[in-house]
Amino acid sequence: MSELDGRLHTAARAIPFVLPEKYVTQALQAQFIKQEDYLKHSKALNQSAKQMGVEHLYVLSLRGADVIFIANSALLAGMNIERDGDYLPSHSERFTLVRSAIAAGQPIFGNIHDQYGRYRSIAMPVLGGDGVVYVLGADIAVDKLLARQSEARIRAFLIGLLMFGFGVLISWLLASQMTAPLRRFSSAVHRFAAGEFDVRMPMHRHDELGNLASAFNAMGDAISAREHLMRQLAFSDRLTGLPNRVKFAELLSAYLIKTPSWLAVVMIDLADFRYINDAFGFDAGDRVLCTMSDRLSQMQPEHLKIVSRISGNSFVLLLSADNETQTHAQIQMIEAALSESLFLGEQKVNVAIRSGIAIYPLHADTAEGLLRHAEVAMFFAKRDRESSVIYDPSREEDRLNQFTLLGDLREALSENHLVVYYQPKINVSTGLVGAAEALVRWQHPSRGWISPGLFIPFAEKTGKLRGITEWVLCEVLRQQVEWQRNHVNLLISVNVGVSDVEDIQFVDFVEEQLNKAGSAANLCLEITETGVMHKPDAMLQNLARLRRLGVQLSIDDFGTGYSSFAYLAKMPVNELKIDQVFVMSMNSTFESVSIVRSMIEIGHILGLKVVAEGVETIGIWQALAVMGCDEVQGYLIAKPMAANELLDWLSEGPHQPVELTPPSMSNF
Ligand code: C2E
Ligand code: MG
Ligand code: MG
């Protein structure tokens, strides 16, 4: 049975539940049906037809050869059945269907087509209480059904289309609202991390992505401004605005590529400049330096190619000339200009100069070589109080031989002439001492105490640093084992050279020594910023391995080299140590304060601890505290001291200076 016939069957069978049996029995027996009863029950059938989802319900019975309606929902539906009274026309298809059903004694389905339309119908014969047969009937209008079906199909199609469109719209919205901005954001972050600090997110949204983008842009602005400032500072001298040593070397290298026939690098020292500072103060000293810088800058540009200030009172120049005679003539001109008297207030001052000269290609063919040889020549000019000296390789050898440090150094290691001093560091927020830096000193049998500044660079140049580093490391770990017995546990920083950390054998050595020291070991290695700049990945791998061994890593003298943010981000280090030059000059220049603040911020953006070294005044400590610096180290807290002195110092405490008032920026 089809679904349609099933519905007709169900609807027809439901009729006895709607029409009272009494009414049907009376109607079958009576000669006529009362109009009002007929209407009432037909109305009930009409309602039931609607509920059952069919067009008509009706009840018919035989009266003689005729078929009459006992109830008919169509009457109320406005259908005007053509009948003779309540009779069904005998020529109609419905008449035939009803008669056939009665004859067959079972339900019959048929298609009826009359003037009202086309119907699928059922005629279901039923045996009444007193043996009279009557017929239950139901119709479904085929035309309406087909119309409804096609309407449903169209509606389903339209809904499908709508849903599809909606889906496409949602995906597009998701892609444009979420995925695309996130993709843009992620690519911007990657480009930024790779050093493209001008990348910004062009977003004008007011949701979380918008907030993220504006935070990203603000961070980008801050970092670019600082990078720009630091780049400027890294390549130029703050006081005079002249290129600094790094920039000079870069410019000189560019000249050398053009293979000129003759160039002279002249390093000039303002003799006894220290006395000007002492007698007239630092401001006067700065004025003298600026005057000298102006005088040099105003000289004939065709000969004087580059003027640079490389340190306190030293300048370096690049002169182009054809030969030695011309060079001397030019240097005399420069000397004359610089030696002219100048006034500091009422006081007339004359500054003598000492210069060292290195010639390309005679003495070296690289920028660094020329600079080093000019420096050596200047050393002799100063020592022998000559106004200018040309580099002489034989004199340099003499100097090294005179010094004989190399041999002495070997002895110093084997005879234990080296001593480790410790300079404590204080945690700014807690005021507690949790760390110290190990600084080596040399107790020379004949020359007395030699500071590391004198022999470490020398040892590094001659490849002898490893012996010192390993000795200091072992001494520090031995000390930590001893301290552990006194319940002292300090993180000790040991300075290492770049040649150390570049070598995998050094890392092996550290691992071995850490194993020996066991739980007492609490080590940090400090590597200078200039040392770690632009190093191959192999070194980064060594550093990463040291980190895995539990060793902390610090970038020492931060600010003296120029490491990009991207490069720093790659370094597996824990700490930045701001170079003392910046910290100390915080007292005198606003610029230094802003540089130090930038360094602290950059360190924190990279998730690093920031330490300031060279803290000598309370004002600087306070400013560092306000800026969020994590640790301080300097003479204000303590000078480097021997291990046993450190134990006494630690037990004395508290170590924060008593005068220290709550931090305020009013001094700056
Ligand atoms: P550094 O690692 O930057 O160490 C800090 C230097 O600044 C130390 O000088 C310390 O005494 C000094 N200092 C600390 N606070 C102040 C302060 O408030 N004011 C002033 N004016 N100076 C302060 P030191 O001990 O003469 O060491 C100089 C450099 O020698 C060190 O600089 C480090 O680069 C190197 N050095 C020292 N010991 C070792 C070592 O064992 N191995 C290596 N490779 N280098 C070492
Ligand atoms: Mg250090
Ligand atoms: Mg340092």
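Within an unreviewed UniProt entry, the label attached to the chain reads EAL domain-containing protein, and the organism entered is Deefgea chitinilytica.

A. Seen up close, the coordination of the magnesium ion (ligand 3). Those protein atoms acting as donors to the magnesium ion (ligand 3) are Asp556 (OD), Asp557 (OD), Glu613 (OE) and Glu613 (OE), and they sit at 2.0 to 2.6 Å. Taken in sequence order, the residues that donate to the magnesium ion (ligand 3) follow the motif D-D-x55-E. In this structure, the magnesium ion (ligand 3) lies 3.9 Å away from the magnesium ion (ligand 2), the two metals sharing aspartate 556 as a donor. With aspartate 557 in strand β19 (residues 552–558) and glutamate 613 in strand β21 (residues 609–613), the pair connects residues that are 56 residues apart, well separated along the chain. You can call glutamate 613 buried: its relative accessible area is 6%.

B. Quick peek at the UniProt feature "transmembrane region" (unreviewed entry) in the chain. When the UniProt feature table is mapped onto this chain, "transmembrane region" (unreviewed entry) is found at residues 154–175. For residues 154–175, the helix share is 100%, the strand share is 0%, and the end-to-end C-alpha distance is 31 Å.

C. Molecular detail of the pairing of strand β14 (residues 418–427). By the criterion of burial, β14 is predominantly enclosed, with eight of the 10 residues buried. Of the pairings in the sheet, the one linking β14 to strand β15 (residues 433–444) comprises nine bridges and is antiparallel in character. Within β15, the residue paired with leucine 418 across the bridge is tryptophan 442. With antiparallel pairing between neighbouring strands as the criterion, β14 and β15 make up a hairpin whose turn holds five residues, including glycine 431 at a positive phi of roughly 75 degrees. Inspection of the sheet shows β14 paired to strand β23 (residues 641–642) by two bridges, in the antiparallel sense. Within β23, the residue paired with tyrosine 421 across the bridge is alanine 642. The pairing of β14 with strand β22 (residues 631–633) spans two bridges and is antiparallel.

D. Focus on the state of the cysteines. The final tally for this structure, using the stated rule, is zero disulfides. Not part of a disulfide, cysteine 474 finds its nearest cysteine sulfur in cysteine 524, a span of 17 Å. Cysteine cysteine 629 remains unbridged, with the sulfur of cysteine 524 as its closest cysteine sulfur at 14 Å. Judged by its relative accessible area of 4%, cysteine 629 is buried.

E. Seen up close, the pattern of salt bridges. Tallied over the entire structure, the rule returns 22 salt bridges. Residue glutamate 437 is joined to lysine 577 by a salt bridge in which the shortest nitrogen-to-oxygen separation is 2.6 Å. Placement of the pair is glutamate 437 in strand β15 and lysine 577 in strand β20 (residues 575–578), with a sequence separation of 140 residues. Look at glutamate 437 and you get buried, because its relative accessible area is 3%. By relative accessible area, lysine 577 is classed as buried at 0%. Note that arginine 545 and aspartate 508 form a salt bridge whose closest N and O atoms lie 2.8 Å from each other. With arginine 545 in helix α19 (residues 537–548) and aspartate 508 in helix α17 (residues 504–517), this residue pair connects regions lying 37 residues apart in the sequence. On the accessibility criterion, arginine 545 (19% relative accessible area) is buried.

F. Main features of the sheet that holds strand β2 (residues 66–72). Spatially, the six strands line up as an open sheet ordered β3-β2-β1-β6-β5-β4, and their pairing is antiparallel. Of all the strands in the sheet, just β3 (87–88) and β4 (108–114) have a single pairing partner and so form its edges. Sheet topology places β4 next to strand β5 (residues 117–127); seven bridges connect them, and they run antiparallel. In the strand pairing of β5, isoleucine 108 is matched with alanine 123.

G. Quick look at helix α15 (residues 465–485). Spanning 21 residues, α15 covers 31 Å between terminal C-alpha atoms, matching the ideal 30 Å at 1.5 Å per step. Among the residues of α15, those classed as buried are Leu465, Ile468, Thr469, Trp471, Val472, Leu473, Val476, Leu477, Gln479, Gln480 and Trp483. Immediately downstream of α15, the backbone of histidine 487 shows phi near 60 degrees, a positive value.

H. Main features of the site of ligand 1. Around ligand 1, the structure places 22 residues, and the nearest of them are Arg441, Asp556, Gln580, Glu616 and Tyr635. In the model, an oxygen atom of ligand 1 is placed 2.9 Å from a nitrogen or oxygen of the glutamate 437 side chain. At 3.3 Å, a side-chain N or O of glutamate 613 approaches an oxygen atom of ligand 1. Among the elements of the structure, β15, α14 (452–461), α15, β19 and α21 (580–584) are those that each provide at least two residues to the shell around ligand 1. Ranked by the residues each element gives to the shell around ligand 1, the list is headed by β15, at four residues. Class assignment for the residues of the shell around ligand 1 results in 10 nonpolar, five polar and seven charged.

I. Highlighting the coordination of the magnesium ion (ligand 2). Of the protein atoms, only Glu437 (OE), Asn495 (OD1), Glu526 (OE) and Asp556 (OD) coordinate the magnesium ion (ligand 2), at distances of 2.0 to 2.3 Å. Counting residues between consecutive donors of the magnesium ion (ligand 2) along the chain gives the motif E-x57-N-x30-E-x29-D.

J. Representation of unusual backbone geometry. Residue proline 361 is reached from tyrosine 360 by a cis peptide bond, and omega for that bond is 5 degrees. By the element assignment, proline 361 lies in the loop between β12 (353–360) and α11 (367–383). Its identity as a non-glycine residue notwithstanding, asparagine 416 has a phi of 55 degrees, on the positive side.

So, how was this worked out
- Residues numbered from 1 in each chain as written.
- Chains lettered and ligands numbered in written order.
- Predicted model: local features only at pLDDT ≥ 70, side-chain atom pairs only at ≥ 80, totals over all residues.
- Heavy atoms only, no water.
- Donors = N, O, S within 2.8 Å, 3.2 Å for Na, K, Ca; no water.
- Helix = DSSP H or I, 4+ residues; strand = E, 2+ residues; numbered from the N terminus.
- Buried < 20%, exposed > 50% of the residue type's maximum accessible area, 1.4 Å probe, protein only.
- UniProt positions renumbered as here; feature names shortened; annotations may be inferred.
- Pairing = 2+ DSSP bridges.
- Disulfide = S-S within 2.5 Å.
- Salt bridge = Lys/Arg side-chain N within 4 Å of Asp/Glu carboxyl O.
- Expected span 1.5 Å × (residues − 1).
- Near = heavy atom within 4 Å.
- Polar contact = N/O pair within 3.5 Å; in protein donor to acceptor, adjacent residues only side chain to side chain.
- Nonpolar A, V, L, I, M, F, W, Y, C, P; charged D, E, K, R; others polar.

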